[in-house]
Amino acid sequence: MDSRQMTHAKKSVGFSTTTLAHVTALRPRQWTKNLVVFAAPLFAFNISLQTLVGSLLALILFCGASSGFYLINDIADVESDRQHPVKCRRPIAAGLVSIPAAFTMALVLLGGALAVSWLHSPALGATISAYAILQVAYNLRLKRVVILDIGAIAAGFVLRAYAGAAATNIVLSPWFVLCTGMLALFLAIEKRKAELRLVQSKGTKPRAVLKRYSLSLLSRMENVVTTGTVLSYALWSSGPVVRGASTSWMLLTLPFVIYGIFSYQLLSDPQEIASYEDSDIEKGGRSERPEEVLLKDKSILFTVFGWVITCFAILWLKQQGIIE
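Given the structure is predicted, the values throughout are model-derived calculations rather than measurements. (Residues numbered from 1 in each chain as written. Predicted model: local features only at pLDDT ≥ 70, side-chain atom pairs only at ≥ 80, totals over all residues. Heavy atoms only, no water.)

1. What to know about helix α14 (residues 298-319)
Helix length check: α14 (22 residues) gives 31 Å between terminal C-alpha atoms against 32 Å at 1.5 Å per residue, within 8%. Among all positions of α14, only I300, T303, G306, W307, T310, C311, I314 and L315 are buried. For α14, the buried positions fall inside an angular range of 160° around the axis, keeping them on one side. In α14, the exposed residues that point more than 90 degrees away from the buried face are K298, F302, F305, I309 and Q319. Downstream of α14 by a residue or two, G321 has a phi angle that is positive, lying close to 80°. (Helix = DSSP H or I, 4+ residues; strand = E, 2+ residues; numbered from the N terminus. Expected span 1.5 Å × (residues − 1). Buried < 20%, exposed > 50% of the residue type's maximum accessible area, 1.4 Å probe, protein only. Arc of directions from axis to C-beta.)

2. Comments concerning the UniProt feature "transmembrane region" (unreviewed entry) in the chain
Under the feature "transmembrane region" (unreviewed entry), the UniProt entry names residues 49-72, 92-113, 119-138, 145-163, 169-189, 249-267 and 299-317. The span residues 92-113 is 68% helical and 0% strand by assignment, and the distance between its end C-alpha atoms comes to 22 Å. Between the end C-alpha atoms of residues 119-138 the distance is 26 Å, and the span holds 95% helix and 0% strand. (UniProt positions renumbered as here; feature names shortened; annotations may be inferred.)

3. Re the packing of aromatic side chains
Inspection of every chain in the model, using the stated rule, returns 10 aromatic pairs. Ring plane angle 35° and centroid distance 4.4 Å describe the contact between F43 and W236, whose orientation is recorded as tilted. Of the two residues, F43 sits in helix α2 (residues 39-43) while W236 sits in helix α9 (residues 215-237), which places them 193 residues apart along the sequence. Accessibility classification places F43 together with W236 in one group, the buried group. Residues F69 and Y131 carry aromatic rings whose centres are separated by 6.3 Å and whose planes lie at 85° to one another, so their mutual orientation is edge-to-face. Highlighted residues: F69 in helix α3 (residues 49-76) and Y131 in helix α6 (residues 122-140), separated in sequence by 62 residues. As far as the burial class goes, F69 and Y131 line up, both buried. Site record: aromatic cluster; members linked through ring pairs are F43, F176, Y233, W236 and W307. (Phe/Tyr/Trp six-rings, centres within 6.5 Å; stacked < 30°, edge-to-face > 60°.)

4. Some words on the pattern of salt bridges
Inspection of every chain in the model, using the stated rule, returns nine salt bridges. Here E195 ties to R192 by a salt bridge, and the two come within 2.7 Å at their closest N and O atoms. With E195 and R192 both in helix α8 (residues 174-202) and three residues apart, the pair spans about one turn of that helix. Ionic pairing is found between K193 and E222, a salt bridge with its closest N-O pair at 3.4 Å. Residue K193 is found in helix α8, and its partner E222 is found in helix α9; the two are separated by 29 residues along the sequence. Here K193 and E222 have matching classes, each one buried. Within this structure, D149, K191, R192 and E195 form a network of salt bridges that share partners. (Salt bridge = Lys/Arg side-chain N within 4 Å of Asp/Glu carboxyl O.)

Written as structure tokens, this is what we have:
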């Protein structure tokens, strides 16, 4: 290989590394959270090409908007992230992506998501705008206010669900909002539990909001929300008798929900954490990163796929007139 070829190879490697760093800064693994936009058509039993296209649009817009705020958040927290055992590896904190480049990417993503959503429909535009306002409030203040920080995280999931409905012109039932909100609160509480355990295991200085939490408090909150999640879903799946799902056969999906919640709780159990390999992330429990759980944990993947397949089977049987 001559000097010209070597120079070209080095430039190619540098370009690919830089591109990978910029893509990683968008946190694509966290885009799995945005799959909540597909929940509205599933709950409404309204599966068609139109609703799938609309949900896909909402997914893309939320991926852009959320990545824009991930970049802004990483810019604002760059110094504290460099002191964190895990977050120090993020591209901005590690110096792999410059702050001006990250800010430009954030503006393009956020501006594009807002513009396209308003062009599509006022409902979708209002939902994406509400998410943007929530993220600004969260980064400026709410993430440092005990309990409200958990509520803000949960509200983000509910807005994702609303986006799926707004993009498909589906009218959401109160049961859908209640179930989504309860499950979102559950995930937010589990996230805080894992973060607190990580801080305690590393002996590092906790963020201001974590100082107000204790594992016992979060466990009590978890118990309340878990009960609310299971009961609200069970009542909805009971069918038309309570103005819930269009068929009481949806009760067949309840075991998946219960199993999924219990499996997720297992991930943050102290004895389960003790069996993990010695890594910074897992010392706090894998529930610190729900997007990692969805991608890697087999039991959770089984639960999600089982729930979706059962929903589709019930929908098909109902459309064929085999069940009511």
